[in-house]
Amino acid sequence: MINSFEVDVLASGSKGNATLIKAGNTAILIDAGISCKRIVLGLADCGLEPQDLSGILITHEHTDHVSGLAVLSKKIPDVPIFANEKTWGQLAIRKLLTNTQRRVFPRGCVLGNIRVESFKVPHDAVDTVGYKLFYKNDKCTYLTDCGYITKECEQAVEGSRTLILEANHDETLLRNGPYPKYLQDRIAGQGGHLSNTTAGNFLAKLESRPEEVFLAHLSQQNNTRAIALKTVQEILTNAKENKNIKIYVASQQQLVSNRV
């Protein structure tokens, strides 16, 4: 069965994140952490103009998720931008937007023909969230910047046919790498990021595993695309009731898509 969701990760990693998710005639951008120019070019590669977006969803206020938002918002004054109330409180851009453009996300809404729900994610920002997107009988979930897997995160992912999941670091590379210990501890801590191993083990234990997974938000210093893929694939191969999952590895520099 062909998945209804088209996912185009415009960029993902420690230096900036932006992901386009489409279903039917609706297109949603999750985060705008790269330059407006790169976002516009990335959308063009997907056959879209910025004005074609039904909305922009913000996960949290860290720079690598919002750095392009101010300039982008000026280009698309009619496209609503959603974040929860606490996150808006951290964004200076809120003062520049109209009430129509700036929307406080109400935990659930409908954008075009996609229903969207948010869920809490443990991370060292004021109120980080992930997003569940529903279209017809399909479900797509976005989960990055996650210190550890909570029950709410697990429930959010269950039943997803498509999953964008953080695989930020290789634990050995992190501990032997150039980062000072306090930063290593922050990344590996409960307000930090998921390792490759944690991501793989999480997938392996799911009762209903997704058909396709994007490994996202890879650290440029403490991971590689090859290591992330190998680690997760090995865990899934050894898992009970192994199910073949199509795995894509997102990139900081280039678009990665499930469109074929």
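Here is what the cut-offs are and how they apply
- Residues numbered from 1 in each chain as written.
- Predicted model: local features only at pLDDT ≥ 70, side-chain atom pairs only at ≥ 80, totals over all residues.
- Heavy atoms only, no water.
- Pairing = 2+ DSSP bridges.
- Helix = DSSP H or I, 4+ residues; strand = E, 2+ residues; numbered from the N terminus.
- Contact = heavy atoms within 4.5 Å.
- Axes fitted to C-alpha atoms, helices over the stretch in contact; angles between N-to-C directions.
- Buried < 20%, exposed > 50% of the residue type's maximum accessible area, 1.4 Å probe, protein only.
- Arc of directions from axis to C-beta.
- Polar contact = N/O pair within 3.5 Å; in protein donor to acceptor, adjacent residues only side chain to side chain.

Visitor: Could you clarify how one ought to interpret the sheet that holds strand β2 (residues 18-23) in this entry?
Guide: Sheet strands line up and pair through hydrogen bonds in the backbone, either parallel or antiparallel. A sheet is described by the order of its strands in space; here seven strands give the open sequence β6-β5-β4-β3-β2-β1-β14, paired in mixed fashion. The sheet is open, and its two borders are formed by β6 (102-104) and β14 (256-257), each paired with just one other strand. Bridge count between strand β4 (residues 55-57) and strand β5 (residues 81-83): two bridges; the pairing is parallel. Its bridge partner lying in β5, Leu57 is registered against Phe82. Those strands touched by helix α1 (residues 36-45) are β1 (6-11), β2 and β3 (26-30), and its axis lies near 150 degrees from that of β1.

Visitor: Hey, could you run me through the environment of Val129 in this one?
Guide: Mapped onto the elements of the fold, Val129 is located in strand β9 (residues 129-135). With relative accessibility at 6%, the residue Val129 sits in the buried group. Once you skip the residues sitting within four places of it in the chain, Val129 turns out to touch Ile58, Thr59, Asn84, Ser118, Phe119 and Val121.

Visitor: It is not clear to me how α1 should be interpreted in this structure. Could you clarify?
Guide: Each α-helix winds once per 3.6 residues, and so residues spaced three or four apart point in a common direction. Within α1, the full set of buried residues consists of Cys36, Ile39, Gly42 and Leu43. For α1, the angular spread of the buried residues around the axis is 125 degrees, confining them to a single face. Those residues of α1 that are exposed and angled more than 90 degrees off the buried face are Lys37 and Asp45. Contacts from the buried residues of α1 go to β1, β2, β3 and α3 (69-75). Once α1 finishes, Gly47 follows within two positions and takes phi at roughly 80 degrees, a positive value.

Visitor: Looking at this structure, I do not really get the side chain of Asn258. What am I missing?
Guide: Here Asn258 shows up in the segment after β14. Taking the relative accessible area as the measure of exposure, Asn258 reaches 10% and is therefore buried. Polar side-chain contacts of Asn258 include one of 2.7 Å to the backbone nitrogen of Val7. Of note is the side chain of Asn258, whose polar atom sits 2.7 Å from the side chain of Glu212. Not counting residues within four places of it along the chain, the set of residues in contact with Asn258 comprises Phe5, Glu6, Val7, Glu212, Phe214 and Tyr248.

Visitor: For this particular structure, what's the right way to read the sheet that holds strand β8 (residues 114-120)?
Guide: The strand order β7-β8-β9-β10-β11-β12-β13 describes an open sheet built from seven strands, whose pairing is mixed. Two strands close off the open sheet at either side, each with one partner strand: β7 (108-111) and β13 (246-249). Taking each pair of neighbouring strands and ignoring which way they run, the sheet shows an average axis angle of 20 degrees. Of the strand pairs in this sheet, strand β10 (residues 138-143) and strand β11 (residues 162-166) are connected by four bridges, and their pairing is parallel. Of the residues in β11, the one forming a bridge with Cys140 is Thr162.

Scope: geometric values only; no functional claims are made or implied.
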